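# Architecture and fold: a report
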Amino acid sequence: MVTGAGDGIGSVAARSFAKHGATVALVGRTQAKLEAVYDAIEADGSPTPTIAVIDFAKAQGDDYQNIADGLEEQFGRLDGLLHNAGILGHRSPIEHYEVKTWLDVMHVNLNAPFILTQTLLPLLQKSSGPSVVFTSSGVGRKGRAYWGAYAVSKFGTEGLMQTLADEVENIRVNCINPGATRTAMRKVAYPGEDPTALLTPADIMSTYLYLLGPDSKGISGQSLDCQ
Ligand code: NDP
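Structure report, in brief. (Residues numbered from 1 in each chain as written. Predicted model: local features only at pLDDT ≥ 70, side-chain atom pairs only at ≥ 80, totals over all residues. Heavy atoms only, no water.)

## Some remarks on the overall build of the protein
Counting secondary structure elements, the protein contains 7 helices and 7 strands. Tracing the protein from N to C terminus, the helices and strands come up as β-α-β-α-β-α-β-α-β-α-β-α-α-β. Overall size of the protein, expressed as C-alpha extent along the three principal axes, is 50 × 40 × 35 Å. Taking all 227 residues of the protein together, 47% fall into the buried category. A separation of at least 24 residues holds for 69% of the contacts in the protein among residues at least 6 apart in sequence. Roughly 11,000 Å² of accessible area belongs to the protein as shown, and the carbon and sulfur atoms make up 52% of that amount. Averaging the coordinates of the 18 positive side-chain charges in the protein and doing the same for the 24 negative ones gives two points 7 Å apart. (Helix = DSSP H or I, 4+ residues; strand = E, 2+ residues; numbered from the N terminus. Buried < 20%, exposed > 50% of the residue type's maximum accessible area, 1.4 Å probe, protein only. Contact = heavy atoms within 4.5 Å. Areas by Shrake-Rupley, 256 points an atom, 1.4 Å probe, with all protein chains shown as cover. Lys, Arg positive; Asp, Glu negative; His and termini not counted. Charge placed at Lys NZ, Arg CZ, Asp CG, Glu CD.)

## Things to note about the site of the ligand
Close to the ligand lie 29 residues, the nearest being R29, T30, K33, Y150 and T183. Residue R29 places a side-chain N or O atom 2.8 Å away from an oxygen atom belonging to the ligand. Note that an oxygen atom of the ligand is positioned 3.0 Å from one of the side-chain N or O atoms of K154. Put simply, the parts of the chain that give the shell around the ligand at least two residues each are α1 (8-19), α5 (148-167) and α6 (184-189). For the shell around the ligand, the leading source of residues is α6, giving 3 residues. Along the lines of polarity and charge, the residues of the shell around the ligand split into 12 nonpolar, 11 polar and 6 charged. (Near = heavy atom within 4 Å. Polar contact = N/O pair within 3.5 Å; in protein donor to acceptor, adjacent residues only side chain to side chain. Nonpolar A, V, L, I, M, F, W, Y, C, P; charged D, E, K, R; others polar.)

Following this line, the structure appears as structure tokens:
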């Protein structure tokens, strides 16, 4: 399962996993974008994916459970879960950070991955080598002025990963930090930057494939940099 699979790093990760044989559950909030990724995966000749539309800003417990029930019915297990969906919020000092934006960012970036993971744990336990990967950031390891809720949500993500990794023995649980990558989010964060100077999502896929695939067996509780 890949969240935020309709765009940016998530869409490329979903397509890469499918090219390596995975049947991917494409999860995101914009159906048309998920359908475009679905079509690309089919055109590649990869295993036919599934789509689940969910807006993590608004989803309730039942919405998460419906996704789990659908997976259970179709596949009976979940082998890999990439928490990739995320939002930037706005850049401002803590002193002026808008409370609503703070709550939204914390919810989409941190609470939703917690709820989704908790809901899917029974299905992950049914896999022979399950892997959960959370998406972190450089500002989730060292705070930086004006990155507000985004930075704090990524610190929380690292904490969630470490706590879960310490609890479960048969599931690999790790973080990935993509580093500066050419996507829509990066463009908003650094509008003055030359995007052609950045690595593309395709350039950083080896770390994603490593963590989701069998080669990282035995690796858990780690936070890996792609760059
Ligand atoms: P994008 O903005 O390109 O893609 C984010 C994806 O998350 C989109 O598919 C988006 O859906 C989805 N999403 C956002 N909000 C929600 C929501 N409420 N419900 C469901 N899906 C949602 O970002 P990137 O590809 O750049 O980032 C991917 C991850 O990598 C993020 O977690 C980000 O924090 C992290 N990261 C990125 C870096 C970079 O340089 N690009 C650097 C460090 C970390 P939709 O397309 O419908 O908007």
